[in-house]
Amino acid sequence: MSDEEKLDVIIVGGGLAGLAAAYVLAKAGKEVVLIERGTACGNKNMTGGRLYVYSLLSLLGPELLAEAPLERAIVKEQITMVSATGGMTLDYTDYSFKEGIPQSYSILRSVFDDWLAGKAEEAGAMIVTGIHVDKIMEKNGKIVGVDAAGEEMFADTVIAADGVNSFMAQQAGLRNDLTSREVGVGVKEMIELPEEVINSRFGLQAGEGATRLFVGVSNGISGGGFLYTNKSSLSLGLVVNSRGLGNQRKKLHTLMQEFKMHPAVYPLLDGGKTVEYAAHLVNELGFVGLPQQLYRDGLVVIGDAAGFVINMGNTIRGMDLAIWSGIAVAKAILEARTSAEVGPRYMENIERDLIPTMKVYQSYPKLLEIPRMFTEYPKLANDMMHYLFAVDGSVPPKLSKAMLGIVKNNVSLGSLLSDGWKGVTSL
Ligand SMILES: Cc1cc2nc3c(=O)[nH]c(=O)nc-3n(C[C@H](O)[C@H](O)[C@H](O)COP(=O)(O)OP(=O)(O)OC[C@H]3O[C@@H](n4cnc5c(N)ncnc54)[C@H](O)[C@@H]3O)c2cc1C
């Protein structure tokens, strides 16, 4: 292709960010090509995962949303703090979460992304899969296109939606190489189980879903386990800080195996069949890790490539932000009179709609720097429960004395106070 035959927009990456942008732009009549290295959109993705639907609703509207392949509407939010012999589970059930348009769903990315790619194609976008973009092309300081498998393609605007390890943002000089402080590493299995078994194990009615976070399963490394109920499978995984993982001997797959075999976890999976296993990097820093600049003349960075993730401790929110940033860039392109105006308009949209929420959660990752969160505190909670429920015929100590002893056995007063202070100031 010569630069006289240029397109309106080239999008690199067929995850949620790229697909959302492609859908909006194609619907508005722009000539859009999206290039995805996987053999189908979603193939390379391994998200857990739970999608908060507000941004998807804004993208598709209620009618198309009703057609989307969403798995279960989440009504149960559970946290299990594990000990060596069991676990203490907090279970918050809220049926208002599924009223009207439910606030969040579990999804399977390989299914969902492929469906969304189909909708973008129906709207007029060209989706090219199985092609890796190798290089961005620059002319007189402006990004003018990409080189994909030896073929040069040109466009007024190139959108980098190539995920957490964005080579495009790095090549454009907008991001540095990722460091072990910035990213966690996640591993996930999809485990098939009959729908009615999932319903009875988690106390769910048809169509309802549960999420469960596990604290104390990461061998002392900052991170934790997650479980999402899909229609007839579970997404089970671990996310741990990559520096912490490097500093100890166990490999991630060993940690995952120990997690699966834990007495508080195994009964949930029993009889299931693992049909998928994958590992992926996760942005961990949220607002603090955002690059200073997210565009250059001719290029805009969105989704994980831009660092749009909210890390709320054990929960990662990236999918809703990816969709939102895809919509924001598409709106900027549609509003701009010249390609040079796209970046600043995109930033206006992002600063109005995304950054304020990211800022609210900006200090949460500091909580993850408290090492006792992943060892002593889950054990302490379980020891307290053990005291309350264990009866062996001997005379038990009084409650106040027992609790003080349990606290002292697990953590010093100094650590408790300093962690408490860190916790309060992080939130
Ligand atoms: C273990 C784990 C659990 C998570 N759980 C959740 C969750 O429950 N909820 C949530 O909201 N978020 C979750 N996230 C985060 C979420 O997955 C991301 O924030 C989201 O997928 C970002 O979407 P994206 O479109 O920006 O990037 P991606 O979905 O990563 O898409 C990027 C795409 O670009 C393609 N690509 C990359 N390089 C090239 C290239 N050179 N040429 C062509 N194509 C290329 C990739 O193949 C990929 O398809 C989780 C992440 C992990 C790792």
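In this text, all values refer to a predicted model and were calculated from it rather than measured experimentally.

**Student:** Where do I start with the site of the ligand in this structure?
**Tutor:** Around the ligand, a shell composed of 37 residues is seen, among which Glu36, Arg37, Thr47, Arg109 and Asp304 lie nearest. At a separation of 2.9 Å, a nitrogen atom of the ligand approaches a polar backbone atom of Arg50. Within the contact set of the ligand, an oxygen atom lies 3.2 Å away from a side-chain nitrogen or oxygen of Tyr228. Isolated, the ligand exposes 1,000 Å² of accessible area, and the fraction of that covered by the protein chains is 96%. Contributing elements (two or more residues each) for the shell around the ligand: helix H1 (16–27), strand S2 (32–36), strand S13 (223–229), strand S15 (273–283), strand S19 (316–317) and helix H9 (319–335). With 3 residues, the top contributor of residues to the shell around the ligand is S15. A breakdown of the residues in the shell around the ligand according to their chemical character gives 17 nonpolar, 12 polar and 8 charged.

**Student:** Looking at this model, I keep getting lost on helix H10 (residues 339–353). Mind explaining?
**Tutor:** Structurally, the α-helix is built with 3.6 residues per turn, so residues lying three or four positions apart point the same way. Compared with an ideal rise of 1.5 Å per residue, which puts 15 residues at 21 Å, H10 spans 22 Å between its outermost C-alpha atoms and is within 8% of the ideal. Taken as a whole, H10 has its buried residues at Glu341, Val342, Gly343, Tyr346, Met347, Asn349 and Ile350.

**Student:** Please clarify how unusual backbone geometry should be interpreted in this entry.
**Tutor:** One non-glycine residue, Ala149, adopts positive backbone phi at about 50°. As for its position among the elements, Ala149 is in the loop between strand S9 (142–148) and strand S10 (151–160). Ala149 sits in the exposed class, given a relative accessible area of 58%. Located in the positive-phi region is Asn219, a residue other than glycine, with phi close to 55°. Residue position: Asn219 is located in the loop between strand S12 (208–215) and S13. Residue classification places Asn219 among the partly exposed positions, given a relative accessible area of 41%.

**Student:** Sorry if this is basic, but what is going on with helix H7 (residues 252–261) here?
**Tutor:** For H7, the complete set of buried residues consists of Leu252, Leu255, Met256, Phe259 and Lys260. Buried residues of H7 fall within an arc of 135° about the axis and therefore sit on the same side.

Parameters at a glance
Residues numbered from 1 in each chain as written. Predicted model: local features only at pLDDT ≥ 70, side-chain atom pairs only at ≥ 80, totals over all residues. Heavy atoms only, no water. Near = heavy atom within 4 Å. Polar contact = N/O pair within 3.5 Å; in protein donor to acceptor, adjacent residues only side chain to side chain. Areas by Shrake-Rupley, 256 points an atom, 1.4 Å probe, with all protein chains shown as cover. Helix = DSSP H or I, 4+ residues; strand = E, 2+ residues; numbered from the N terminus. Nonpolar A, V, L, I, M, F, W, Y, C, P; charged D, E, K, R; others polar. Expected span 1.5 Å × (residues − 1). Buried < 20%, exposed > 50% of the residue type's maximum accessible area, 1.4 Å probe, protein only. Arc of directions from axis to C-beta.

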